[in-house]
Amino acid sequence: MDKEKLLQMYYEMVLIRRVEERGAELYQAGKIGGFMHLYIGQEAVSTGLIAAREPRDRVITAYRDHGVAINCGISANEVMAELLGKVTGTSKGKGGSMHMASVEKNMWGGHAIVGGHLPIAAGLALGDQYQGNDNVTICMFGDGATNIGYFHEALNVSMTWNLRVLWVCENNQYGMGTSVERASAVSEIRQKAEGYGMKNSRVDGMDVLAVYEAAKQAIDYVRSESKPYLLEAVTYRFRGHSMGDPERYRSQDEVKKWQDNDPIGIFRAALLKKKNITAAELDEIEARAEADTQKAVEFAEASPEPGMEELFKDVYVED
Amino acid sequence: MPRITMREAISQALWEEMERDPAVFILGEEVGVWGGTYAVTKGFYDHFGPQRVKDTPIAENAILGAAIGAAMVGLRPVAELMTINFAFSAMDYVVNQAPKLRYMFGGQFRIPLVIRAVGGGGRQLGATHSQTPDAVFAHFPGLKVVSPGTPEDAKGLLKTAIRSDDPVLFIEHATMYQVRGEVPEGEYLIPIGQSKVQRPGRDVTIVTYAKGLELSLKAADELAKEGIEVEIVDLRTLRPLDMGPVLESFKKTNRAVIVEEGWRSYGVGAEVAARIYEEAFDYADAPILRVAQKEVPLPYNRTLEQAALPQVPDITAAVKEVLK
Ligand SMILES: Cc1ncc(C[n+]2csc(CCOP(=O)(O)OP(=O)(O)O)c2C)c(N)n1
Ligand SMILES: [Mg+2]
């Protein structure tokens, strides 16, 4: 991978982190409402994954979507504006944290019914197959989502119909407060693909370069073989499930252990081992991410609320 | 009489019924270790143990299907849906299995099942997570649908629901857990299928339930300052619907406003208005009005969401309109 791409990935990871940290502050200040699920700790997964796609490859994910949105090229401004419910947000302030999308960036939404977007992902791929192109649909979801029927129905049709879907399970070890062991018959989610005869693998989701390599191979396979593939990324969310999680289900020691394994720190160390990248360059990128986050907050705060006419718009196409 | 919150009332009902009957058990997402997403079952897991407070995977069909099966062989499951919106992921069990199995098999089974579900808008959760689809469920014979508006009713009705031999959908409103009210000392039950006058008045009848009750009581206070005395009839149960107190009140006031949080079209108000017209047409002095949610999915933006939901001024305006 060339230097420019590596530095871009670093920038995105830091930007996601900063945007979400500011988001958490704005939530505490009452400027963001509803449910907000932070991606902090998991940034390597979507960053590595999306870096491996072609722009024509589609992306669809669950409600933990701020990071994916940024990786897909949605600006921090639009993400922040959506969080604040402003008309300049990705969804005109009508979707909020859980519902970021940009058809232009081939990002088909954050979806908040657990597992509900998996059959829709199969449909995106069916649409591409029908239209005779070889776009790949990348569908991300949590470990918890693999216990609901939607997952199994979607995997089955994707295999039966030879759909180009890369199923990516972000196994962050918990669905809300329920650990994988307490909710899933198998603790390696990738095993679930076996029952459908689907190729699969597991990758360290804290290592963005490992994710990138695994995703690259998987996408190539899906595209060339016209078959789905299940990639499991093992990761961890550093914060609560959503804002205001009492976190009675896990120990501080466990959280600390994972935080010491910070994907941004790991990537920084890996980059510094490269001869052509300096600490000063990375510091400069961090400062830029910080500044862009500040600009995004200012943009969002200054943006107008959606007008009352928006309330009745888009219920139907003709509105 | 002790004053407790809606949350405490529901929690007490569950606790008392579990102490009373070992066949009662709870299952659902995050009901155990977490203590319930809305903290209703906090402390239950430690006291009753993992078998009676059963954490489940995110699998609404498995939760409800298994609850129905367990009920058929003699248990009394209280299945919790984290929100009523997730009932749509398992709609078959809620409306197509639980309400029909007994009838279809000639009365051979009993299905003593309670489905607790949290509904309602106003929390900026976006379109799929903010619904008040109570009327949808009330459409189906074989299912009882209860939705209380006070802690007293919540406790008494939930205890009855747990003892009911038929499936009951018990709908709680997400923004009402902190509502306080007096509850009777000691054990009491409130029958399912009885409406109740929550505030007497002579001028206009307001028919409502759940969140609508909270809003209507506020509207009534404001109207009283202008000398308008509304009578509020709380349905409490949507199916079977008890029209007795509604008709009695309407025959006295000759005017009615129906307040519900769900959408107006095909809603609770439509049913209640039709029944009033059918049974007390001659008493009407003005067309019955409905106050309900605007016909849009709920948006995230707070201002827009509040504009879509029924508010106190909508109720006072409707009351004045029927008085014209
Ligand atoms: C059908 C449905 N059931 C329950 C929920 C409530 N819920 C939201 S997120 C979540 C946990 C999901 O866990 P996982 O899939 O592992 O994703 P993570 O939050 O860990 O990213 C639950 C139970 C929901 N949104 N949809
Ligand atoms: Mg998870």
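Computed from a predicted model, the values in this text were never measured in an experiment.

Enquirer: Tell me about the overall build of chain A, and please be specific about residues and values.
Expert: For chain A, the count of helices and strands is 13 helices and 8 strands. Summarising its shape, the C-alpha atoms of chain A cover approximately 55 × 50 × 45 Å along the three principal directions. Expressed as a percentage of the 319 residues in chain A, the buried residues total 53%. Counting only contacts in chain A whose residues sit at least 6 apart along the sequence, the fraction spanning at least 24 positions is 76%.

Enquirer: Go over the overall build of chain B with me, naming the residues and quoting the values.
Expert: From N to C terminus, chain B includes 12 helices and 14 strands. Over its C-alpha trace chain B gives a radius of gyration of 19 Å, about what one expects of a compact globule, namely 20 Å for 324 residues. A principal-axis box enclosing the C-alpha atoms of chain B has dimensions of 60 × 45 × 40 Å. Buried positions account for 57% of the 324 residues belonging to chain B. Considering only contacts in chain B between residues 6 or more positions apart, those separated by 24 or more positions represent 79%.

Enquirer: Summarise the site of ligand 1; cite the residues concerned and give the values.
Expert: The environment of ligand 1 is formed by 19 residues, the closest being Val114(A), Gly142(A), Gly144(A), Ala145(A) and Gly175(A). Around ligand 1, the nearby residues trace back to chains A and B. By residue class, the composition of the shell around ligand 1 is 9 nonpolar, 6 polar and 4 charged.

Enquirer: So what's going on with the domain arrangement of chain B? Residues and values would help.
Expert: Where interface size is given, it is often the accessible area lost as the parts come together that is meant. Residues and elements named next belong to chain B. Domain assignment breaks chain B into domain 1 (3-182) and domain 2 (196-323). Each side of the interface is counted separately: domain 1 has 25 residues, and domain 2 has 23 residues. Among the secondary structure elements, those contributing two or more residues to the side of domain 1 that touches domain 2 are α6 (134-138), β6 (144-146) and α7 (151-163). Looking at the side of domain 1 that touches domain 2 residue by residue, the class counts come to 11 nonpolar, 11 polar and 3 charged.

Enquirer: Requested: an account of the interface of chain B and chain A, with residues and values cited.
Expert: Contacts between the two partners involve 26 residues from chain B, matched on the other side by 34 residues from chain A. Examining the composition of the side of chain B that touches chain A, we find that 5 residues originate from one element, helix α11 (residues 302-308) of chain B, more than from any other. Looking at the side of chain B that touches chain A residue by residue, the classes come out as 12 nonpolar, 9 polar and 5 charged.

Enquirer: Outline the nonpolar core, supporting the account with residue identities and numerical values.
Expert: Of all hydrophobic cores here, the largest spans 187 residues; its most connected members are Leu166(A) and Val257(B). The leading source of residues in this core is helix α1 (residues 3-28) of chain A, at 9 residues. Ignoring anything within four residues of it in the chain, the contact list for Leu166(A) reads Val136(A), Ile138(A), Ala218(A), Ile219(A), Val222(A), Tyr229(A) and Leu231(A). Counting 6 residues, the second largest nonpolar core, distinct from the first, contains Val296(B), Leu298(B), Leu304(B) and Ala308(B).

Enquirer: Can you lay out the sheet that holds strand β3 (residues 137-142) of chain A for me, pointing to particular residues and giving the numbers?
Expert: Residues and elements named next belong to chain A. With parallel pairing, the 6 strands of this open sheet are ordered in space as β2-β1-β3-β4-β8-β7. Here the strands that pair on one side only, and so sit at the sheet edges, are β2 (107-111) and β7 (199-204). Each strand axis lies, on average, 15 degrees off the axis of its neighbour in the sheet, ignoring direction. As defined by bridge partners, β3 adjoins strand β4 (residues 165-171) across 6 bridges and the pair is classed as parallel. Counterpart to Ile-138 in the pairing with β4 is Leu-166. Across the face of the sheet, helix α9 (residues 208-225) comes into contact with β4, β7 and β8 (229-234) while running at roughly 170 degrees to β8.

Enquirer: Describe the pairing of β2(A), naming the residues involved and giving the relevant values.
Expert: All names here are of chain A. Judged by how many residues are buried, β2 sits mostly within the fold: 5 of 5 residues are covered. With 3 bridges connecting them, strand β1 (residues 58-62) and β2 associate as parallel partners. Paired with Ala-62 across the strands is His-111, a residue of β2.

Enquirer: Explain the sheet that holds strand β10 (residues 204-208) of chain B to me, using residue names and the numbers behind them.
Expert: Residues and elements named next belong to chain B. Spatially, β9-β11-β10-β13-β14 is the arrangement adopted by the 5 strands of the open sheet, whose pairing is mixed. In the strand order of this sheet, the two ends are held by β9 (196-199) and β14 (289-293), each with one partner. Between one strand axis and the next, the sheet turns through 25 degrees on average, direction left out of account. Relative to strand β11 (residues 230-234), β9 runs antiparallel, the two being bridged by 3 bridges. The partner of Arg-199 across the bridge, within β11, is Ile-232. Sitting on the sheet, helix α10 (residues 268-280) touches β10, β13 (256-263) and β14, and the angle it makes with β13 is about 155 degrees. Its contacts with the sheet place helix α12 (residues 312-323) against β10, β11, β13 and β14, and it is angled at close to 165 degrees to β14.

Enquirer: Describe helix α1 (residues 6-20) of chain B, with residues and values.
Expert: Residue and element names in this part refer to chain B. Its 15 residues place the ends of α1 21 Å apart at the C-alpha level, agreeing with the 21 Å of an ideal helix rising 1.5 Å per residue. Residues of α1 that are buried include every one of Met-6, Arg-7, Glu-8, Ala-9, Ile-10, Ser-11, Ala-13, Leu-14, Glu-17 and Met-18, and no others. Looking at the buried residues of α1, the elements they touch are β1 (3-5), β2 (24-28), α2 (44-48), β4 (76-81), α7 and β7 (168-173).

Enquirer: Please provide a residue-by-residue account of α12(B), values included.
Expert: All names here are of chain B. Compared with an ideal rise of 1.5 Å per residue, which puts 12 residues at 16 Å, α12 spans 17 Å between its outermost C-alpha atoms and is within 8% of the ideal. Burial in α12 covers these residues: Ile-315, Thr-316, Ala-318, Val-319 and Val-322. Buried residues along α12 cover an arc of 160 degrees about the axis, so they all sit on one side. On its buried side, α12 packs onto β10, α8 (211-225), β11, β13 and β14.

Enquirer: Explain the pairing of β2(B) to me, and be specific about the residues and the numbers.
Expert: Residues and elements named next belong to chain B. Of all 5 residues making up β2, 5 are buried, and the element is well covered by its neighbours. Residues Val-24, Ile-26 and Gly-28 point to one face of β2 and Phe-25 and Leu-27 to the other, with burial holding for every one of them. Bridge count for β2 against β4 is 5 bridges, and the pairing is parallel. Of the residues in β4, the one forming a bridge with Ile-26 is Val-78.

Enquirer: An account of unusual backbone geometry is needed here, citing residue identities and associated values.
Expert: Note that the residue after Arg239(B), namely Pro240(B), is joined by a cis bond; omega there is -5 degrees. In this structure, Pro240(B) sits in the loop between β12 (237-239) and α9 (244-253). Its identity as a non-glycine residue notwithstanding, Met176(A) has a phi of 50 degrees, on the positive side. Within the secondary structure, Met176(A) sits in the loop between β5 (174-175) and β6 (178-179).

About the thresholds
Residues numbered from 1 in each chain as written. Chains lettered and ligands numbered in written order. Predicted model: local features only at pLDDT ≥ 70, side-chain atom pairs only at ≥ 80, totals over all residues. Helix = DSSP H or I, 4+ residues; strand = E, 2+ residues; numbered from the N terminus. Buried ≥ 20, exposed ≤ 12 C-beta atoms within 10 Å, placed from the backbone. Contact = placed C-beta atoms within 7 Å. Rg over C-alpha atoms; globule rule 2.2 N^0.38 Å. Near = placed C-beta within 6 Å. Nonpolar A, V, L, I, M, F, W, Y, C, P; charged D, E, K, R; others polar. Domains from an automatic or database assignment. Core = buried A, V, L, I, M, F, W, Y, C linked by C-beta atoms within 7 Å. Pairing = 2+ DSSP bridges. Axes fitted to C-alpha atoms, helices over the stretch in contact; angles between N-to-C directions. Expected span 1.5 Å × (residues − 1). Arc of directions from axis to C-beta.

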